[in-house]
Amino acid sequence: MTNINHDYIDRFLIGMIPERIGILKEIEEYAKENHVPIITPDIASLLAVLIKTAKVKTILEIGTAIGYSAIHMGMCAKEDFSITTIERNEESAALAADFIKKAGMGDNIKIITGAAEEVLNDIPGSFDMIFVDAAKGQYMDFMKKSIDKLRVGGLYICDNVLFRGMVADRSLLIRRKITIVKRLKKFLSFISSCESLETVIIPIGDGISVCCKLK
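These remarks concern the structure in this document. All figures in this text were calculated on a predicted structure; none of them were measured in a lab.

### Considering the packing of helix α2 (residues 22-34) against helix α4 (residues 68-77)
Line of reasoning, step 1. With their axes 10 Å apart at the nearest point, α2 and α4 run at an angle of 160° to one another. With respect to α4, the axis of α2 lies roughly antiparallel. As for the relative orientation of α2 and α4, their crossing is left-handed in sense. Where α2 abuts α4, its residues I23, L24, I27 and E28 lie against Y68, I71, H72 and M75.

### Overview of unusual backbone geometry
What is expected of a backbone is that most residues other than glycine have negative phi and most peptide bonds are trans.
Line of reasoning, step 1. We note that K55 has phi near 55°; this positive angle belongs to a residue other than glycine.
Line of reasoning, step 2. Structurally, K55 can be placed in the loop between α3 (41-53) and β1 (58-62).
Line of reasoning, step 3. The exposed category is assigned to K55, whose relative accessible area is 64%.
Line of reasoning, step 4. For D80, which is not glycine, the phi torsion reads 65° and is therefore positive.
Line of reasoning, step 5. Relative to the helices and strands, D80 is located in the loop between α4 and β2 (82-87).

### A short note on the pairing of strand β6 (residues 197-202)
Line of reasoning, step 1. Sheet topology places β6 next to strand β7 (residues 208-213); 6 bridges connect them, and they run antiparallel. Each bridged residue has a counterpart across the sheet, and for V200 the counterpart in β7 is V210.
Line of reasoning, step 2. The hairpin turn running from β6 into β7, its antiparallel successor, is 5 residues long, and G205 in that turn takes a positive phi close to 55°.

### Quick notes on the side chain of H72
Line of reasoning, step 1. Relative to the helices and strands, H72 is located in helix α4.
Line of reasoning, step 2. The class of H72 is buried, set by a relative accessible area of 3%.

Criteria and cut-off values
Residues numbered from 1 in each chain as written. Predicted model: local features only at pLDDT ≥ 70, side-chain atom pairs only at ≥ 80, totals over all residues. Heavy atoms only, no water. Axes fitted to C-alpha atoms, helices over the stretch in contact; angles between N-to-C directions. Helix = DSSP H or I, 4+ residues; strand = E, 2+ residues; numbered from the N terminus. Parallel < 35°, antiparallel > 145°, perpendicular 65-115°, else oblique. Left-handed = near helix turned anticlockwise from the far one by under 90°. Contact = heavy atoms within 4.5 Å. Buried < 20%, exposed > 50% of the residue type's maximum accessible area, 1.4 Å probe, protein only. Pairing = 2+ DSSP bridges.

By themselves these figures say nothing about function.
Here is the structure:
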């Protein structure tokens, strides 16, 4: 329950999505057993549509976790893709590397271990898409340090931007999350009013923002 949609809406929509198979199914089961957060099936489906429609081949990911989203995005991009993904937790990065190798994507997906705010400036290249699923309170900082790496016409996507509904409804706010919620509100206000971005905020999963870089 994320407080984004009614439970019956979530159940219906997710029920329409075919079950994953192979390595993705294996990672889903690991994540469930070990309480590791990964992207929800509806978010995964949205990423698939965006990647295939925009013919995305180069991706920068901030927040690898155990590699589920990177592998999924690689499958959507198909051959000749390149993903650079950043993970600050060494154990998670090592597990992600194992799953990526098992998926046969070791040559296409590069993991950088370290804090994104520290390593982003040193990452070269221009990307078709940037996907952010890391520390929610740092989304603005991540964007400032990565938006120049996104090509014009590219997609900048951030997960969990409605943060269990707390960003939209103060009655849901948990005191210890006040700082994160304030920063997310500031971030959403910025991307919604920025003249160089075309932005939509979609209430699926835990809320996801999709920006197209205009200039």
